Amino acid sequence: MSENRKADGLQALGAKTRYRMDYAPEVLETFENKHPENDYWVQFNCPEFTSLCPITGQPDFAEIRISYVPAEKMVESKSLKLYLFSFRNHGDFHEDCVNVIMKDLVKLMAPKYIEVTGYFTPRGGISIYPYANYGRPGTEFEQLARHRFMNHGMNR
């Protein structure tokens, strides 16, 4: 299996796991979407996301949810896990983490649509849930992004 994955150009899958100690977008890998003509959702939940407060250096904990409609490329899940783990010693505010994750995935995959939400655990009695989304410009997915953004949190 490992040889097969190497032939597909994937480096992380099937290889010994090497964890990065700081923000590492270069670990992200993609593979070909075998159904680019179909619109469908892919969702990832990372319930053990951690980063550091850029001011105090204290750890912040969150569940990161990523949902996207793929185009030609899809993110490989092990590389995504390693990428999200690379935030462990990275200092950024919650809102920055969510926006950076979304922008890195847009740059990597050029999806039709993507949204990223961070459900950060309370610190000082306040929970923060930043949300960012993107829809491919000039398509129905740009309209979807606007609609979902304008209606975000309406069902709470």
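Since the model is a prediction, treat every value here as computed from it, not as a measurement.

Reading the values: the criteria
- Residues numbered from 1 in each chain as written.
- Predicted model: local features only at pLDDT ≥ 70, side-chain atom pairs only at ≥ 80, totals over all residues.
- Heavy atoms only, no water.
- Core = buried A, V, L, I, M, F, W, Y, C linked by side-chain atoms within 4.5 Å.
- Buried < 20%, exposed > 50% of the residue type's maximum accessible area, 1.4 Å probe, protein only.
- Helix = DSSP H or I, 4+ residues; strand = E, 2+ residues; numbered from the N terminus.
- Expected span 1.5 Å × (residues − 1).
- UniProt positions renumbered as here; feature names shortened; annotations may be inferred.
- Contact = heavy atoms within 4.5 Å.
- Phe/Tyr/Trp six-rings, centres within 6.5 Å; stacked < 30°, edge-to-face > 60°.
- Axes fitted to C-alpha atoms, helices over the stretch in contact; angles between N-to-C directions.
- Left-handed = near helix turned anticlockwise from the far one by under 90°.
- Nonpolar A, V, L, I, M, F, W, Y, C, P; charged D, E, K, R; others polar.
- Pairing = 2+ DSSP bridges.
- Salt bridge = Lys/Arg side-chain N within 4 Å of Asp/Glu carboxyl O.

Novice: Outline the nonpolar core, listing residues and values.
Specialist: Ranked by internal contacts, the top residues of the largest apolar core, which has 30 residues, are Phe 49, Ile 66, Ile 101 and Leu 105. When contributions to this core are tallied by element, the ones reaching two or more residues are strand E2 (42-52), strand E3 (59-69), strand E4 (73-75), helix H2 (77-85), helix H3 (94-109) and strand E5 (113-123). Here this core gets eight residues from one element, more than from any other, and that element is H3. Residues Val 69, Tyr 113, Tyr 131 and Ala 145 belong to the second largest nonpolar core, which totals five residues.

Novice: Go over H3 with me, naming the residues and quoting the values.
Specialist: The first and last C-alpha atoms of H3 sit 23 Å apart over 16 residues, in line with the 22 Å expected at 1.5 Å per residue. When H3 is considered as a whole, its buried residues turn out to be His 94, Cys 97, Val 98, Ile 101, Met 102, Asp 104, Leu 105, Val 106, Leu 108 and Met 109. Immediately downstream of H3, the backbone of Ala 110 shows phi near 50°, a positive value.

Novice: Any chance you could break down the UniProt feature "active site" (unreviewed entry) in the protein chain for me, citing the residues and the numbers?
Specialist: UniProt's entry tags Cys 53 and Asp 60 with the feature "active site" (unreviewed entry), counted in the numbering of this structure. Among the residues examined, Cys 53 registers a relative accessible area of 12% and is labelled buried. The residues touching Cys 53, leaving out its near neighbours within four places in the chain, are Gln 58, Asp 60 and Arg 123. With respect to the helices and strands, Asp 60 occurs in strand E3. Taking the relative accessible area as the measure of exposure, Asp 60 reaches 7% and is therefore buried.

Novice: Go over the packing of aromatic side chains with me, naming the residues and quoting the values.
Specialist: Remark: the centre distance and the inter-plane angle together describe each pair of aromatic rings, the angle taken between the planes. Scanning the entire structure with this criterion turns up eight aromatic pairs. Ring plane angle 90° and centroid distance 5.4 Å describe the contact between Tyr 83 and Phe 87, whose orientation is recorded as edge-to-face. According to the relative accessible area criterion, Tyr 83 is buried, its value standing at 0%. An aromatic cluster is defined as three or more aromatic residues linked by ring pairs; in this entry it consists of Tyr 23, Phe 49, Tyr 83, Phe 87 and Phe 120.

Novice: Tell me what's going on with the packing of H2 against H3, and back it up with residues and numbers.
Specialist: Put simply, H2 and H3 touch, their axes get as near as 12 Å, and they point 145° apart. Where H2 crosses over H3, the handedness of that crossing is right-handed. The segment H2 lies against H3, with Leu 80, Tyr 83 and Leu 84 engaging Val 100, Ile 101, Asp 104 and Leu 105. Here the contact of H2 with H3 is built from residues that sort into six nonpolar, no polar and one charged.

Novice: Let's hear about the pairing of strand E7 (residues 131-135): which residues, and what values?
Specialist: Along E7, four of the five residues are buried, which leaves the element largely enclosed by surrounding structure. Across five bridges, E5 lies against E7 in antiparallel orientation. Of the residues in E7, the one forming a bridge with Glu 115 is Asn 133.

Novice: How would you explain the pairing of E2 if you had to name every residue and give the values?
Specialist: Pairing of E2 with E3 involves nine bridges; the strand directions are antiparallel. Paired with Ser 51 across the strands is Asp 60, a residue of E3. Count of turn residues in the E2/E3 antiparallel hairpin: six residues, of which Gly 57 carries a positive phi of about 80°.

Novice: How would you explain the pattern of salt bridges if you had to name every residue and give the values?
Specialist: Opposite charge on two side chains permits pairing when their charged atoms draw close. Under the defined criterion, the tally for this structure stands at four salt bridges. Notably, a salt bridge pairs Asp 39 with Lys 112, separated by 2.7 Å at the nearest N-O pair. Residue Asp 39 is located in the loop between strand E1 (30-32) and E2, and its partner Lys 112 is located in the loop between H3 and E5; the two are separated by 73 residues in the primary sequence. A salt bridge links Arg 123 to Asp 60, with the shortest nitrogen-to-oxygen separation between them at 2.7 Å. You can see Arg 123 sitting in strand E5 and its partner Asp 60 sitting in strand E3, a full 63 residues away along the chain.

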